[in-house]
Amino acid sequence: MPWFQAHNFFDSLRPVYLVSKFFHVHFETVDFEEQTVRRTLVDQVRFVLSTLMDLSFLFRSAHANIPYLHLTDSVLVNVGNYLGLMLLVMLTYTLPLWNHYKSTEIFQLYTGINDCDRKLRELGIIIDHRKHRIFSTVNIVASMCIAVTITLNGLSVRRNKAFNNDQYTKLETVVAMFRLSSNFSLFISYTRLTLMSINGRLDRLQ
């Protein structure tokens, strides 16, 4: 199948790139033929709009999650839940900002892996990029399923009577939760794939 054809490391990561860019987790445009990265005007506009949206969700979360302070009879448990949740929210909503800031370093890492594959080929060690692309596709689909599951779980928690006075609409809540869960799931996905790729090359060298 043409979708699963991959001739180098960049091709094998194309599914992750397309999904993460669609969901505004990465903003740079990658030229898979030339293996270069650039920031277009559209990329910059997307970055600004996404940053404003994430900051809005972040500040809203501080107020919208206050009911977590009243979920149980234990003050210690309630405060721990709230602070832990807010820390996760802060880290997750700022991931796209961090990706944008470190985009050059991330691309250099992928370029290094691709160059390693080229040198391994000269030594007679062939990396199956098609297999890696299939795994990337399955991995990204599973990650998005996890994001949907996290969103549904979050919505079920908010059925508690402590959230009866929630001033935000259900649509706003769904969008904010899905943005949070998709950022987190995609981050875990491409981090896992990158670490597995590095580990795989080291194993082949050994």
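Residues numbered from 1 in each chain as written. Predicted model: local features only at pLDDT ≥ 70, side-chain atom pairs only at ≥ 80, totals over all residues. Heavy atoms only, no water.

A. Local environment of the overall build of the protein. Each helix and strand in the protein was counted, giving eight helices and two strands. For the protein, the sequential pattern of α-helices and β-strands runs α-α-β-β-α-α-α-α-α-α. Dimensions of the protein, computed from C-alpha atoms along their principal axes, come out at roughly 65 × 40 × 30 Å. For the protein, with 206 residues in total, the buried portion stands at 41%. Within the protein, contacts between residues separated by at least 24 positions form 74% of all contacts whose residues are at least 6 apart in sequence. Surface exposure of the protein reaches about 12,200 Å², of which carbon and sulfur atoms provide 67%. Between the centroid of the 21 positive side chains of the protein and the centroid of its 16 negative side chains there is a distance of 5 Å. (Helix = DSSP H or I, 4+ residues; strand = E, 2+ residues; numbered from the N terminus. Buried < 20%, exposed > 50% of the residue type's maximum accessible area, 1.4 Å probe, protein only. Contact = heavy atoms within 4.5 Å. Areas by Shrake-Rupley, 256 points an atom, 1.4 Å probe, with all protein chains shown as cover. Lys, Arg positive; Asp, Glu negative; His and termini not counted. Charge placed at Lys NZ, Arg CZ, Asp CG, Glu CD.)

B. Focus on empty space enclosed by the protein. One pass over the full model with this rule turns up one cavity of 30 Å³ or more. The wall of the largest cavity is formed by 16 residues, among which Tyr 17, His 26, Val 30, Ile 106 and Tyr 110 lie closest to the centre. Broken down by secondary-structure element, the contributors of at least two residues to the lining of the largest cavity are helix H2 (14-22) and helix H6 (103-122). Classifying every residue of the lining of the largest cavity gives 11 nonpolar, three polar and two charged. (1 Å grid on protein atoms, 1.4 Å probe; cavity = no way out; pocket = protein on both sides within 12 Å on 5 of 7 lines; lining within 4 Å. Points joined across faces, edges and corners; volume = space filled by probe spheres on them. Nonpolar A, V, L, I, M, F, W, Y, C, P; charged D, E, K, R; others polar.)

C. Inspection of the packing of aromatic side chains at higher detail. If you walk through the whole model with that rule in mind, you get eight aromatic pairs. On the basis of an interplanar angle of 80° and a centroid distance of 5.3 Å, the ring pair of Phe 27 and Phe 47 is categorised as edge-to-face. Separated by 20 residues along the polypeptide, Phe 27 in the loop between H2 and strand S1 (29-31) and Phe 47 in helix H3 (residues 41-64) bring together distant segments of the chain. Each ring, one from Trp 98 and one from Tyr 101, has its centre 6.0 Å from the other, and the planes form 45°; the classification is tilted. In this pair, Trp 98 and Tyr 101 are both assigned in helix H5 (residues 95-101), three residues apart and thus about one turn of the helix distant. The exposure class of Tyr 101 is exposed, given its relative accessible area of 59%. One aromatic cluster is present, built from ring pairs that chain together Phe 22, Phe 23 and Phe 178. (Phe/Tyr/Trp six-rings, centres within 6.5 Å; stacked < 30°, edge-to-face > 60°.)

D. Focus on the environment of Gln 35. Mapped onto the elements of the fold, Gln 35 is located in the loop between S1 and strand S2 (36-38). Measuring from C-alpha to C-alpha, the distance between Gln 35 and Phe 10 comes to 7.5 Å, with 25 residues separating the pair along the chain. In this structure, Gln 35 is in contact with Asn 8, Phe 10, Phe 107, Asn 114 and Arg 118, ignoring residues within four places of it in sequence.

E. Seen up close, the nonpolar core. Residues Leu 13, Val 16 and Tyr 110 are the most contacted members of the largest nonpolar core, which totals 17 residues. Listed by contribution, the elements that provide at least two residues to this core are helix H1 (9-12), H2, H6, helix H7 (129-157) and helix H8 (170-205). The residues contacting Tyr 110, other than those within four sequence positions of it, are Phe 9, Phe 10, Leu 13, Tyr 190 and Thr 194. (Core = buried A, V, L, I, M, F, W, Y, C linked by side-chain atoms within 4.5 Å.)

F. Spotlight on the side chain of Asn 139. Position of Asn 139 among the secondary structure elements: in helix H7. Excluding anything up to four places from it in sequence, Asn 139 contacts Ser 189, Arg 192 and Leu 193.

G. Fine view of the pattern of salt bridges. Under the defined criterion, the tally for this structure stands at seven salt bridges. The salt bridge partner of Lys 21 is Asp 43, with a shortest N-O separation of 3.5 Å. Residue Lys 21 is found in helix H2, and its partner Asp 43 is found in helix H3; the two are separated by 22 residues along the sequence. Residue Lys 21 shares its accessibility class with Asp 43, and that shared class is buried. (Salt bridge = Lys/Arg side-chain N within 4 Å of Asp/Glu carboxyl O.)

Remember that the coordinates give geometry; whether it matters functionally is a separate question.
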